[in-house]
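Fold and contact review
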Amino acid sequence: MCGIVGFAGLRDAAPVLLDGLKKLEYRGYDSAGLAVMKDGTISVTKVSGRIASLCERTDEGRSMPGFTGIGHTRWATHGAPTEENAHPHLSNDGRFAIVHNGIIENYIQLREELIGQGYHFDSETDTEVIVHLLEMYYRGNMRKTLIKVVNRLKGSYALGVLCSDEPEKIYAAREASPLIIGLGLDENYFASDVTALVANTRNVIYMDDGDFAELSGDSVVIFDGTGRTVSKESTRISWDVQAAEKGGFDHFMLKEIMEQPGAVKATIAPRISEGRIVFDEIDISSAELADIRKTVITACGSAYYAGCAGKYALEKLTGIPVETALASELRYSDPLIDEHTLVIVISQSGETADTIAAMKECRARGARVLAIVNVVGSTVAKLADHTVYTWAGPEIAVATTKGYTTQVTVLYMLAVFFGEKLGRVSKKEYDKYMMMIARLPRHIQQAIDMNPLAAALAKKYHSSKALFFIGRNTDYAIALEGALKMKEISYLHAEAYAAGELKHGTIALIEEHTPVIALCCNQKIMEKTLSNIVEVKARGAEVLALTFRDNQKILSEADDLLFIPKVDSIFSAVIEILPLQLLAYYVARENGCDIDKPKNLAKSVTVE
Ligand code: G6P
């Protein structure tokens, strides 16, 4: 939530900052602002609304000359998304400007203290206390001041700071919110995410909690809370600018849907060697594995649903019971987790606050934590005992697609890998599973190709009041993600129900023309789902079934159809979700929704 950028160099900062902010807009987009320094004076421009308005207000940055600056795009937590609450915030004496991503938990006490000292506040934000603290503690030494200030803060922050006494420098600090330094030629940058940096540089330094940075055009100094300089390795980012561009698609979401065959392939390929799954990143011996009594998968949002979908294969092939737990619930649940528990944490961004807290809770109870993460160097990746990257490339659309499918793919591979290590998967089965995994990218492509009618179906269903997604077993787990996709981008009320549960309440909601999306891909349980289709049809429902082309029974009952190639349900989620992603996308498009930036949402949820 919220994105911050900073620039110091030998050209105007504002256009660079605006470009960076555009890339970070997925993190929050209800207001935005820039602060630029010229001849020892800081000027600030803020808007409520999107970065596009900020570009317009500043004439694409031209109206704000100056070689150092900071910028912010906001997802409001404290105070409405107004211009006053937008960042950057200025100190009363105009000497400091700051941008902040995170939450200052003790801001109320600090605010009272500062008001008592005579400081006046212009916003309702938690952030503003920081800039007044800077003014209060400043005695001419920025490093010392920054350290003093952050020692007063409780909570999370990625901070960017300007001080008009040091016109060529920008400062940054990090605690529990992502922050990355970009190293350029005669210019340096910071940003919440590498996507904001790749247009300028691929050489980056990942800041750790407790790190501070002092940047000018020709130097980057990282120091710690004692003021001592810390030496840090730089990393080269492998993907390029195009990976974070729309590349001819109308929306990032559509581009990312279409990228899934490649993303899943990139996730699988480096882990297959001579027909065997190899996870170099997991050093767990067979004996250690045999000591595990249960597996707990924890995550938020779609990542949690990826866990729900992967649970079946994992449980079946390892024989170890698998529980799924929402991270926001697990963290406060006094969970029964100990050193005999394997905790699998799933996160695209690696920065989700609840996921990180749940992970810490599990570790504190002695569990071994394996993380499935997309963003390299993220907090989840750093905290885990074993980190498995999904290699999906940057995901920009707020609603995840390739993030989800690559996460489930890793779970499938783990199921086979662990199952074999535990001696529960025979050679013959192993070879069969390997073949199925190797074919996933091709089957995903087929699922895309088989549904050219998704856009036409969207025209029929887009004005529905509510949609019901039903399925059993693996189909139910996938329905959960299908319904979430629909509601988050199209704003239609969509709910997933275990098909067998309909008769215990939900069926009361079915009336003439209620759309029911029935997932019928799990062959073991298909007859049962068919009975539920018949039941809802008897009550007037319009049934859109998702199934195989030759599934005559379902074809004859359904009003409309979406298809996937015929596959075993053990690894079907990554294929089955495709038509549902496409349907959600086209329904949202029909409804004129802002697909890549749905209202009230943000991609990286760094608050509780
Ligand atoms: C937000 C995103 C979802 C995502 C969830 C968890 O709600 O919009 O797409 O599934 O956070 O995020 P994570 O980065 O931990 O996977």
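Residues numbered from 1 in each chain as written. Predicted model: local features only at pLDDT ≥ 70, side-chain atom pairs only at ≥ 80, totals over all residues. Heavy atoms only, no water.

**Here's the deal with the domain arrangement of the protein**
Convention followed: Marked domain ranges trace back to an automatic or database domain assignment.
For the protein, the domain assignment lists domain 1 (3–244), domain 2 (269–438) and domain 3 (447–590). Distance from the C-alpha centre of domain 1 to the C-alpha centre of domain 3: 45 Å.

**Brief notes about a positive patch on the surface**
How we decide: Here, patches come from residues exposed beyond 30% relative accessible area and free of salt bridges, joined within 9 Å for like charges and within 5 Å for nonpolar side chains (Val, Leu, Ile, Met, Phe, Trp, Tyr). Accessible areas in this description were obtained via Shrake-Rupley with a 1.4 Å probe; residue shielding takes into account the shown protein chains only. Salt-bridge detection follows one rule: a side-chain nitrogen of Lys or Arg within 4 Å of a carboxyl oxygen of Asp or Glu. When charges are counted, Lys and Arg contribute as positive and Asp and Glu as negative, whereas His and the chain ends are disregarded. Charge positions are represented by NZ for Lys, CZ for Arg, CG for Asp and CD for Glu. Think of it in three bands: with a 1.4 Å probe and only protein chains considered, a residue is buried below 20% of the maximum accessible area for its type, exposed above 50%, and partly exposed in between.
Positive charge collects at one region of the surface, where Lys316, Lys428, Lys432 and Lys524 lie side by side. Take Lys432: its relative accessible area is 40%, and that puts it in the partly exposed class.

**Points about the site of the ligand**
Stated precisely, the cut-off is as follows: Definition of nearness: a residue and a molecule or strand are near each other if at least one heavy atom of the residue lies within 4 Å of the molecule or strand. Here a polar contact is recorded for every N or O atom pair within 3.5 Å, except that within protein the pair must consist of a potential hydrogen donor and a potential acceptor, and residues adjacent in sequence are included only if both atoms are side-chain atoms. The helix count covers DSSP runs of H or I at least four residues long, the strand count covers runs of E at least two residues long, and both are numbered beginning at the N terminus. In this classification, Asp, Glu, Lys and Arg are treated as charged, Ala, Val, Leu, Ile, Met, Phe, Trp, Tyr, Cys and Pro as nonpolar, and every other residue, Gly included, as polar.
Contacts to the ligand come from 13 residues, most closely from Ser302, Ser347, Gln348, Ser349 and Thr352. A distance of 3.0 Å separates an oxygen atom of the ligand from a polar backbone atom of Ser302. A total of 380 Å² of accessible area belongs to the ligand in isolation, and the protein chains cover 89% of it. Here the element with the most residues in the shell around the ligand is helix α9 (residues 301–318); it accounts for three residues. Among the residues forming the shell around the ligand, the class breakdown is five nonpolar, seven polar and one charged.

**A word on the pattern of salt bridges**
Applying the stated criterion to the full structure yields 40 salt bridges. Among the salt bridges present, the one from Glu83 reaches Arg57, with a minimum N-O distance of 3.4 Å. Of this pair, Glu83 sits in the loop between β4 (68–74) and β5 (89–90) while Arg57 sits in helix α2 (residues 51–57), placing them 26 residues apart in sequence. A residue is classified by how much of its surface remains accessible, and Glu83, at 34% relative accessible area, is partly exposed. Given a relative accessible area of 46%, Arg57 falls into the partly exposed group. Each of the salt bridges in this network shares a partner with another, and the network as a whole consists of Arg143, Glu166, Lys169 and Glu214.

**Quick notes on the environment of Arg368**
For clarity, the threshold we go by: Contact definition: two residues touch when any of their heavy atoms are within 4.5 Å.
By the secondary structure assignment, Arg368 is in strand β20 (residues 368–373). Given the relative accessible area of 21%, Arg368 is considered partly exposed. Measuring from C-alpha to C-alpha, the distance between Arg368 and Glu420 comes to 20 Å, with 52 residues separating the pair along the chain. The residues contacting Arg368, other than those within four sequence positions of it, are Asp283, Ile284, Glu288, Thr341, Leu342, Val343, Asp385 and His386. Of the polar contacts made by the side chain of Arg368, one reaches the side chain of His386; its length is 3.0 Å.

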